[in-house]
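# Structural features, examined
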Amino acid sequence: MSSFIPGHFSDHPPPLGEGPSHPERPQNPGQTNIVISEMLQVVNIILATLYFFITLLFRLPTDSVPEPLDDTLQVSGEEPSHPEQPQNSGETHTAGVPQVVITAIRATDLTLGLRRVPAGFHVALKADGAEFQTSNKPVHVDQTIVEWNEPILLPCEPSSIIRVSVYASFELGPMLCHGEVLRKFEISVRELLDRSEKSHPIVFQPKQGEVVSPCTSLFMTLKQRPSDEKDVAVLCSLTTLASSDMDALMLRTDAGHVLLARYRRTQNSSDLNQSINHFEHTLDICPKDHPCHPAALFNLATAKFVKCQADETSLDLDFPISVFQDALDLRPTGHPDRPVTQLHLAIALLSRFVKRGFQTDVDAAEELLSEVLDVCHANSHVHRAALLAIETSVLHPAASTDTHDLGQESPAASMLQLSPNQLAHKAEWCLRRDDPHALDEVISLHYDALAYYHPMHACRGQLLNNLSTMLNIRFNRRGNAEDLDQAIALGREALALYPVGHTNRSSSLGTLASVLSTRFHLQGNAEDLDQAIALQREALALHPVGHTDRSKSLNNLAAHLSTRFHHRGNARDLDQAIALHREALDLHPVGHTNRSSSLGNLANGLSTRFDHRGNVEDLDQAIALHREALALRPVGHTNRSTSLNNIAVQLSTRFNHRGNAGDLDEAIALHREALDLHPVGHTNRSSLLDNLANGLSTRFDHRGNVEDLDQAIALHREALALRPVGHPDRFKSLHNFALRLSTRFHHRGNARDLDQAIALHKEALALHPVGHTNRSSSLGNLANGLSTRFDHRGNAEDLDQAIALQREALALRPVGHTDRSSSLNNLAVQLSTRFDHRGNARDLDQAIALHREALALCPVGHTDRSQSLRNLANQLSTRFHHRGNAEDLDEAVTLQREALALHPVGHPDRSSSLNNLANGLSIRFYHRGNAKDLDQAIALAREALALHPVGHTDRSKSLGILADRLFARFDHRGNAEDLDQAIALQREALALRPVGHTDRSKLLGNLALQISARFDHRGSADDLDEAIALHREVLALCPVGHTGRSKTLNNLAVRLSIRFDDRGNAEDLDQAIVLHREALALHPVGHTNRSSSLCNLAIVLSARFDHRGNAEDLDESRENLCCALTMLTQHDPRRLKVHGLLATVHLSFHRSGLDGTGGQGEDTDLNVAMHHFKAAANVVPGGLLHRLRASLSWVRHAGQHRHGTELEAYGTSMQLMDAYMSATASVSSRHSAMKDFPSTLAVDAASCALRNGDVCRAVELLEQGRTIIWTQMTRLRTPLDNPQIFSDHAAALMKSFRDLSSLLDRPPASHADGAQCVVVEAEDTRYRRLVEDWNGVVEEIRKIEGFSRFLLPPMFADLQEAARDGPIIMLIASNSSCDAIIITHTQPPTSIQLPTDFEKLTTLVLELREAIGRDASPKGNQIALIKALRKLWNNVVFPVVEHLAGFARRGSRIWWCPTSLFNFLPLHAAGEYRANGKSLVQQYISSYTPSLTALMKARRSHGTLSMPFAAI
């Protein structure tokens, strides 16, 4: 007899290029074995185990101690409970008190998970010392609900506790005990009434260690009635038997059943022997005339027969047969327990026939079973068991002639072309080949065979399972989903033929679980995976501890749990999978033939957990386990190559984590050894070629040795050649080969490699037509290749096609699909790229929406959440760059922080998360200028570098990142130490990337930029020359066709231009222009970077014009910039730079006298230049900081040329300065930000207004500028009692304004140095959002009539109120002039140009400072001080006093509001200081105020302040 058991397919090297391999896959009976042996077993095996099959017909492993049933029920103990004789105890309830009666009890699924054929079921209840028991009801096979309509009277007190027990009995006649306890719990009468009223059944969960347990729910219908209602009879309570012998009889019987059940679970012979002892003692003390004596005989016979089967003895069978016969004799025809006794006796006789060959035993068994079938209902459990015994027995006449035809129907068998045995051999032969026609033929033959076996035939189930397995294999080879659906349908049909307790159920469970898992991988439907896991759990439950197949079931369940972990990211699934693998390994101790496989399975699980949690102990243990497995497979072992591959994969993983080159080199050496074991012609050589190629490719990525990459490509070519057209794995080789060609393209820039890679991806896609399971992956691969080609050539068709392919791939992964998140991310990346190219905001918004959906599919705890967080953060940063919305940037930083939190210290991905967060903080620093962000970014980069010590493969990358951050801080603060350290780090990084390394060009470029910056800082010509030399080396590494050539051309050109500015060598400038032209040619029309190249070329052309005066250069520069401007959308922040460059070019036209406008009248070059300065300052996406800098350039140039827009430029700058300051959360931070801008902006603006004759505007600008630091606080404290508000809407707005102002007016929270950055950042974010809400409310208030200028910088008419109690003199000192403005309460302001200038004022301040420090002369006079005060009188105070005569009476108060240097002068002390000389104190009382607004606020608050306001 042949049994078809193919080799372990998964023991071959796995497909490569698709992540870590898992060669030690669990052995799934349905997937890797087609077993037809059960239907063709020889006679003696079938009959030897037949009784075991019948008695375990409902078997599922259970524990003796049940788990809690639900949250409301307390499990009672499992102490023995015994049936008691009925006795009418009478009713003692008090009349008039309502009684509680159970009118019906309904239980569901009582047979689910039972280990024995039940005779009946009953329920027992205990309450207040009384016990009630329902009748013992038999149950049919298809009966899921049992109901007892036997009224039971309960205590009337609601708090009374009822003890409920549900039993399965195995005798319908008199019983020795209740039977097997199915459920036992306590519940109050109150809760029973509540559940009855709400129709809420008591739902039970499976007991501990079980997949299913008998009795899934219980519902009691209760009724309350008057105590005197006598029309309904109730069940009487039971009383305890007085006989101590009967007590012992019951206790012994219970103990025997418990021990026998435990033996069936654990196979512990001691339990079986003790069980027999208890049953023997029970029989000894049970009189022969006792009605329970047959049950005692039957129990002892059952245990003795099990003993015979366990010991494989035949002589001892005489005893259980004799005892079964005695029990049968005491159960005559008509006795309810006679059929089950006949069934067991028949099985025992058949077993003795197998051992001894007595024909009389066969005849007697046939007679007994025939009587059982005649007497029992067809749907009864006993009838089904008897029918199964007949169908699998040797009662067939054919058994005496040919055991190979056992169980077959002779007429049908004679018509079959192939016997089941031949079908098995045919299938085994077919699966060893890749012949699709052979597979189709075997599948067809199995369909034909099914037609010859009726639905209940013993052979049918195995044929269904075999056919399901082969259809699954055909699906895996061809991807036809119909095969998979059919395989599942056949698997379900087969499982239905193997009910609970059937010997073949476990293998059928495995087969169905396998195909459901396959469909899950195809369609991503989580229900399939959950069902597969449930089936595997049930299969494991059928293989309890000690079972020969338990290790296989452990591995199968572990594999499916691992799959679910990868899908949902639930760490509990992974931990449970590892625990199962550990248990499987324990079942394979040292020396066991399968130990190496178990070692590999556990190692793979630990490796997965390392990838998820980053615990290096898991990785080290995985490697140790793989090493042990390899040692068990010495040279010559058939599976040595698998172990070599496994340990190589784990060593590569550890290399990626720790950067130890020794691990990577060892991994490659192991892959080479594995390849040597598969010489040319070996069936698995292609997989080993791919393995080695992947290892070499990894080493190339880290060391940049092109020989490794070339060798990897050569190996992939050979692997592809071994998988010609039609090979089932050809698409994998196409994919691997294409990836390596793409890598080489990125390294060398050879377009042929990229084109060939795309061609390979297209061929792979053609192998996966619509409907194929792998089509979505192939669509994504081709899309990525086309996207890369777009980046290189800028052909929009490639990008559009890539997006279309990604959309199709996403459509193949609908909501719920396991790979949907990856498709969402892929499509989002392509849309983001198109946004960068075309600037369509919808693409970017859609990309962000897709990333948000992908993140939602990775909830907290999911293994891929950190990657989704990073993806979304990157896109939000992109949108911030284009729209300048600070919320996007803040959210991006928050997401990066969460990603970092998911990678704690020790996690392999922590360094990348540190660098990502550092990058986000750096971006925010560039936008807001908050030095804390930059300092934190540097700290994060330092931590990342510390994780990559000397010798680590990623140290060079971390060195470069930290250098970039330090360089940024140098730009901000100008600290030369940062720059020197950045250069030192870049030099170290470069040393780790020697000539030939793929990353050398990038580091050369970075070092060149930083050395060039040092030249700018220190002026060393050697630095500039070295920078240019480095850029030339980079350009040599990026030959024509290389994807990075354009960027390198630009960098070199910029440095040459700088050297031209420094030395004036025209050759440098000419060469720079040539390089920029070449870079522009690499960015044709439509390319996303063309506008940048146009700007770069325009800059150097303008510089050459300044040097040589060639008008053609200036014209071309202007045309390039105009063209660049037209390419940028209104939301593109780069428009700010282009406008600024255009302004510079038109200024050059203006200075040279050339016409750069071609227009007449007002369209002069100077006007156009100012127009572009204004436009730059108003590019909102450019960010407040850059706009402010642009407006200051406008101020500078408008001032130089005395242009009419100068005053407007000042006004714009003041407005932007105000807005920029409002983004900071504290006074100190505003002061820090102000250091980067002109301190005299306000006085210069006022001076400009005076030059333009607008005295009122001068006052407004000066007032706005002098309060800019305190603007936020003064606004927040604006009183609202002046305006009269009438409408409810206005009142609500004012309330919101007060609330928000109160929140903002609180001092910023102080944080200790050790405070978490996320806390500080959250506070800053909160402040900015409050500011935005506050601004929104203010805008709404301004829409109310009479409030149009609410909180805006006050108009002069408002400020004039400050002079109500006396004139105010504002003193302005700027480089252009020194002025005084006299402000009165009712008249227009008067400006006075003072007879001094900024230089003279500076001298006067110094003279006064020195004079005050000198001692008085012997005459008591301070000559130096008097001279200084006299100058102050003549040059400042006296001109003002002369004009005050018409505004202020002598002796009245005047207010001084000084600015700039005037703040250091004692204006009130000025005078002539000689006899009869004049002085200020003689004429006016002087007071001071820092601003007009401050004076007005002080007066308003004078009446409410606890301390009066005092002006100095």
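Residues numbered from 1 in each chain as written. Predicted model: local features only at pLDDT ≥ 70, side-chain atom pairs only at ≥ 80, totals over all residues. Heavy atoms only, no water.

This paragraph deals with the overall build of the chain. Per the secondary structure count, the chain includes 58 helices and 16 strands. Each of the 1512 residues in the chain was classed as buried or not, and the buried ones make up 54%. Across the chain, every contact between residues at least 6 apart in sequence was considered, and the portion connecting residues at least 24 apart equals 68%. (Helix = DSSP H or I, 4+ residues; strand = E, 2+ residues; numbered from the N terminus. Buried < 20%, exposed > 50% of the residue type's maximum accessible area, 1.4 Å probe, protein only. Contact = heavy atoms within 4.5 Å.)

With that settled, consider the packing of aromatic side chains. Any two aromatic rings considered together are summarised by their centre-to-centre distance and by the angle between their planes. Under the counting rule described, the total for this entry stands at four aromatic pairs. Relative to F204, the ring of F185 has its centre 5.6 Å away and its plane inclined at 50°; by these criteria the two rings are tilted. With a gap of 19 residues between them, F185 in strand β8 (residues 180-188) and F204 in the loop between β9 (202-203) and β10 (217-225) connect regions that are remote in the sequence. With a relative accessible area of 5%, F204 lands in the buried category. One Lys or Arg, K304, reaches over the ring of F319 and ends 5.2 Å from the middle of that ring. It is R1453 that lies over the ring of W1455; its NZ or CZ is 5.9 Å from the centre. (Phe/Tyr/Trp six-rings, centres within 6.5 Å; stacked < 30°, edge-to-face > 60°. Lys NZ or Arg CZ within 6 Å of the ring centre and 35° of its normal.)

Once that is clear, we can look at the packing of helix α34 (residues 910-928) against helix α36 (residues 955-973). For the pair α34 and α36, interaxial distance at closest approach is 12 Å and the crossing angle is 15°. Overall, the two elements α34 and α36 adopt an arrangement that is roughly parallel. For the pair α34 and α36, the sense of crossing is left-handed. From α34, N915, A918, N919, S922, F925 and Y926 reach across to α36, where they touch S958, I961, R965, A968 and H972. (Axes fitted to C-alpha atoms, helices over the stretch in contact; angles between N-to-C directions. Parallel < 35°, antiparallel > 145°, perpendicular 65-115°, else oblique. Left-handed = near helix turned anticlockwise from the far one by under 90°.)

Glancing now at the nonpolar core. V1259, I1368, M1370, I1381, I1383 and L1492 are the most contacted members of the largest nonpolar core, which has 49 residues in total. When near neighbours in sequence (up to four residues on either side) are disregarded, I1383 contacts V1259, F1356, Q1360, A1363, P1367, I1368, M1370 and L1492. Ranked by size, the runner-up nonpolar core spans 46 residues in total, among them V117, I276, F324 and V372. (Core = buried A, V, L, I, M, F, W, Y, C linked by side-chain atoms within 4.5 Å.)

Looking now at helix α23 (residues 661-676). With 16 residues, α23 ought to run about 22 Å at 1.5 Å a step, and its terminal C-alpha atoms sit 23 Å apart, in line with that. Among the residues of α23, those classed as buried are D663, L664, A667, I668, L670, H671, A674 and L675. With its buried residues spanning 160° around the axis, α23 presents them on a single face. Among the structural elements, α22 (640-658) and α24 (685-703) are those in contact with the buried residues of α23. The N-terminus of α23 is capped by N660, whose side-chain oxygen sits 2.9 Å from the backbone nitrogen of G662. (Expected span 1.5 Å × (residues − 1). Arc of directions from axis to C-beta. Polar contact = N/O pair within 3.5 Å; in protein donor to acceptor, adjacent residues only side chain to side chain.)

Note that S188 resides in strand β8. Engagement of the side chain of S188 in a polar contact is seen with the backbone nitrogen of E191, the distance being 3.1 Å. Beyond its immediate stretch of four places on either side in the chain, S188 contacts P158, S159, S160 and I161.

Here the focus is unusual backbone geometry. The residue D128 is not glycine, and still its phi comes out positive at about 50°. Along the chain, the position of D128 falls in the loop between β3 (120-127) and β4 (130-133). With a phi close to 60°, N1476 is a non-glycine residue in the positive phi region. Locating N1476 in the fold gives a position in the loop between β15 (1453-1458) and α57 (1480-1483). For N1476, a relative accessible area of 82% corresponds to the exposed category.

For strand β2 (residues 99-108), the tally of buried residues reaches eight of ten residues, placing the bulk of the element in the interior. Of the strand pairs in this sheet, β2 and β10 are connected by nine bridges, and their pairing is antiparallel. Each residue of the ladder has a partner; that of A104, found in β10, is T221. Relative to strand β6 (residues 152-154), β2 is paired through three bridges, and the arrangement is antiparallel. The residue bridging V101 from the neighbouring strand is L153, located in β6. Here β2 runs beside strand β5 (residues 145-148); their pairing, made up of four bridges, is antiparallel. When the bridges of β5 are listed, R106 appears paired with E147. (Pairing = 2+ DSSP bridges.)

A word on the packing of helix α47 (residues 1206-1221) against helix α50 (residues 1255-1266). Axis separation between α47 and α50 bottoms out at 10 Å; the angle between their running directions is 25°. With respect to each other, α47 and α50 are oriented roughly parallel. Crossing geometry of α47 relative to α50 is assigned as left-handed. Contacts between α47 and α50 involve L1207, G1211, M1214, Q1215 and D1218 from the first element and R1257, L1261, Q1264 and G1265 from the second. Of the residues in the contact of α47 with α50, the class split is three nonpolar, four polar and two charged. (Nonpolar A, V, L, I, M, F, W, Y, C, P; charged D, E, K, R; others polar.)

Here we take up helix α44 (residues 1135-1152). Counted at 1.5 Å a residue, the expected span for α44 with its 18 residues is 26 Å, and the 26 Å between its end C-alpha atoms agrees. Summarising burial for α44: 13 of the 18 residues are buried, a large majority. Backbone geometry just downstream of α44 places G1153 in the positive-phi region, at approximately 85°.

This model, assessed by the stated rule, comprises 75 salt bridges. Residue R505 is joined to E538 by a salt bridge in which the shortest nitrogen-to-oxygen separation is 2.7 Å. Residue R505 is found in helix α16 (residues 505-523), and its partner E538 is found in helix α17 (residues 526-541); the two are separated by 33 residues along the sequence. E538 shares its class with R505; the two are buried. One salt-bridge network, in which partners are shared between bridges, spans D1025, R1059, D1062, R1063 and D1068. (Salt bridge = Lys/Arg side-chain N within 4 Å of Asp/Glu carboxyl O.)

Remark: a regular strand shows side chains that alternate across the two faces of the sheet. Among the eight residues in β3, seven count as buried, and that is most of the element. Pairing of β3 with strand β7 (residues 161-169), which is carried by seven bridges, proceeds in the antiparallel orientation. Each residue of the ladder has a partner; that of G120, found in β7, is S169. Where β3 lies against β4, four bridges are found, and the strand directions are antiparallel. By the bridge assignment, A124 is partnered in β4 with Q133.

Strand order in the open sheet formed by five strands is β14-β13-β12-β15-β16, with mixed pairing between adjacent strands. A strand with exactly one partner marks an edge of an open sheet, and here the two such strands are β14 (1390-1393) and β16 (1485-1488). Strand-to-strand twist across the sheet, computed as the mean angle between neighbouring axes with direction ignored, equals 25°. Looking at chain direction, strand β12 (residues 1368-1373) and β15 are connected through four bridges and run parallel. Residue pairing across strands places M1370 opposite C1457, the latter belonging to β15. The sheet strands contacting helix α49 (residues 1241-1251) are β12, β13 (1378-1383) and β14, and the helix crosses β12 at an angle near 105°.

Predicted coordinates in areas of low pLDDT are best not read in detail. Confidence in the prediction of the chain, expressed as mean pLDDT, is 81, and 83% of residues score 70 or more. Element-level mean pLDDT values for the chain span from 31 in helix α11 (residues 410-415) up to 95 in β13. Below a pLDDT of 50 lies the segment residues 1281-1285, which in the model reaches five contacts outside its immediate sequence neighbourhood of four places, other chains included. In this model residues 1504-1512 is a low-confidence stretch, pLDDT under 50, and it forms ten contacts with partners more than four residues away in sequence or in other chains. (pLDDT = per-residue confidence, 0-100.)

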